[in-house]
Amino acid sequence: MADKDTSAQRLKLLYLRDIFQKFISETEALTRNQITDILSDYGITEGRKAFSEDVEALQKYGMDIRMTMGRTASYQLMTRDFELAELKLLADAVSSAKLLSESQSAALLKKLSTLCSDKEAAQIKRTVYVSGRVRQNSNKAVLYNVDTIQRAISSAPKKKISFRYFEYDMRKNKKYRDEARVCTPYALVWDNDHYYLVAWNDHRETYSNFRVDRMEKVEIIDEPARRADPHFDLEDYILTHVSMFSGEESDVVLRCDKSLVNAVLDRFGMGVRIVPANDGESFTVYAPVVAKEPFFGWVFQFGGKAEIIEPESIRSEYLAMLDKVRAGAGEA
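Procedures and definitions
- Residues numbered from 1 in each chain as written.
- Predicted model: local features only at pLDDT ≥ 70, side-chain atom pairs only at ≥ 80, totals over all residues.
- Heavy atoms only, no water.
- Helix = DSSP H or I, 4+ residues; strand = E, 2+ residues; numbered from the N terminus.
- Buried < 20%, exposed > 50% of the residue type's maximum accessible area, 1.4 Å probe, protein only.
- Contact = heavy atoms within 4.5 Å.
- Areas by Shrake-Rupley, 256 points an atom, 1.4 Å probe, with all protein chains shown as cover.
- Pairing = 2+ DSSP bridges.
- Polar contact = N/O pair within 3.5 Å; in protein donor to acceptor, adjacent residues only side chain to side chain.
- Core = buried A, V, L, I, M, F, W, Y, C linked by side-chain atoms within 4.5 Å.

### Quick look at the overall build of the chain
Now for step 1: The helix and strand tally for the chain stands at 12 helices and 13 strands.
Now for step 2: Taking all 332 residues of the chain together, 39% fall into the buried category.
Now for step 3: Restricting to contacts in the chain with at least 6 residues of sequence separation, those with at least 24 account for 62%.
Now for step 4: In the form shown here, the chain has an accessible surface area of approximately 20300 Å², with 51% of it arising from carbon and sulfur atoms.

### Considerations on the environment of Trp190
Now for step 1: Structurally, Trp190 is set in strand 6 (residues 181-191).
Now for step 2: In this structure, the C-alpha to C-alpha distance between Trp190 and Arg211, residues 21 residues apart in sequence, is 10.0 Å.
Now for step 3: Once residues lying within four places of it in the same chain are set aside, the contact partners of Trp190 are Ala97, Leu99 and Tyr195.

### What about the sheet that holds strand 1 (residues 30-31)?
Now for step 1: What the 3 strands build is an open sheet, ordered 1-3-2; its pairing is antiparallel. Among the strands making up the open sheet, the edge pair consists of strand 1 and strand 2 (65-68).
Now for step 2: Pairing geometry for strand 2 and strand 3 (residues 74-77), over 4 bridges, is antiparallel. Paired with Arg66 across the strands is Gln76, a residue of strand 3.

### Overview of the side chain of Lys12
Now for step 1: By the secondary structure assignment, Lys12 is in helix 2 (residues 12-23).
Now for step 2: In this structure the side chain of Lys12 is engaged in a polar contact, spanning 3.2 Å, whose partner is the side chain of Asp54.
Now for step 3: If we ignore the near neighbours within four places in the chain, the residues touching Lys12 are Leu39, Ile44, Thr45, Glu46, Ala50 and Asp54.

### Observations regarding the nonpolar core
Now for step 1: Of all hydrophobic cores here, the largest spans 28 residues; its most connected members are Ile124, Ile149, Ile161, Phe163, Leu197, Val212 and Met215.
Now for step 2: It is helix 8 (residues 142-154) that provides the largest number of residues to this core, a total of 5 residues.
Now for step 3: The contact partners of Leu197, leaving out residues within four places of it in the chain, are Ile149, Ile161, Phe163, Pro185, Tyr186, Ala187, Leu188, Ser208, Asn209, Phe210, Val212 and Met215.
Now for step 4: Of all hydrophobic cores here, the second largest spans 21 residues; its members include Leu254, Cys256, Val289 and Ile308.

### Topic: the pairing of strand 10 (residues 249-257)
Now for step 1: One ladder, built from 9 bridges, connects strand 10 with strand 12 (residues 282-290); its direction is antiparallel. Bridging across to strand 12, Val252 finds its partner in Ala287.

Right, dumping it as structure tokens:
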């Protein structure tokens with residue numbers, strides 16, 4: 001019994017730290033007696049002098065503990081590594097992420113809730129019940145894929161990775177590419193609720209994008225990474241590749257209604273060239289894009305307020321797509 005009591009006393013500072021983290025915050029104070037009562041549940045006794053010395057030790061350790069003065073002194077934890085507003089933001093991101101299953105979201109939210117007091121944790125856990133989101137058939141290894149890719153990117157020297165890549169057929173079965181892909185990873189991009197890997201694709205000898213949740217058996221291999229080309233600008237690449245589709249880049253000219261300024265800046269960034277019309281009712285945009293269906297869909301959503309002017313080949317391809325859509329609607 002004596003050894004057990006001695007062990008508990010040695011753990012006293014750790015338990016005391018846990019009590020401050022779990023039950024006390026900037027708005028939730030406890031008195032010394034309340035704190036020592038909780039300590040007693042762990043089999044720890046704490047005298048007044050020892051308690052003051054222990055609190056001082058935690059303050060020196062870096063905990064922002066404040067004692068309120070008065071007839072009944074109490075203690076508050078004024079700051080934490082994460083503010084509650086920051087944790088709510090992270091919790092909302094976890095709750096709405098399509099790449100996570102319900103169980104994965106719940107597990108991550110539970111971990112986030114340990115970074116605040118028990119009372120504040122209720123505000124974190126509420127986001128488990130966010131509804132109206134469409135979950136993908138989640139690849140449960142996606143979090144480990146992200147970790148492996150990040151380790152390859154940050155390793156010294158940098159290494160290549162290999163993986164199997166798949167898509168789904170009409171029966172919702174996985175259809176794998178003919179062989180494993182070997183790539184030099186450059187960056188992970190979060191776009192349209194999905195993680196994408198931007199990499200040099202050895203198989204095609206070009207830059208490619210891969211959906212991380214469609215990658216399996218991701219491994220770092222003992223091959224040196226390919227150095228990115230001097231002219232390769234990752235930020236421009238991401239802005240250009242609408243919805244992270246790979247393909248040939250083209251410079252396009254758009255004429256847009258003045259109401260679309262913010263939408264254009266959101267899509268192409270503040271560095272895009274915009275020339276206002278003399279009448280102030282429209283503007284011309286000069287932007288590099290990958291002319292794939294996602295870009296055409298982006299233009300179409302504005303209901304005629306955005307028009308492709310140049311080059312003629314892309315304008316014609318867009319109009320042909322609209323004709324095909326009209327023809328299909330007519331047949332229906």
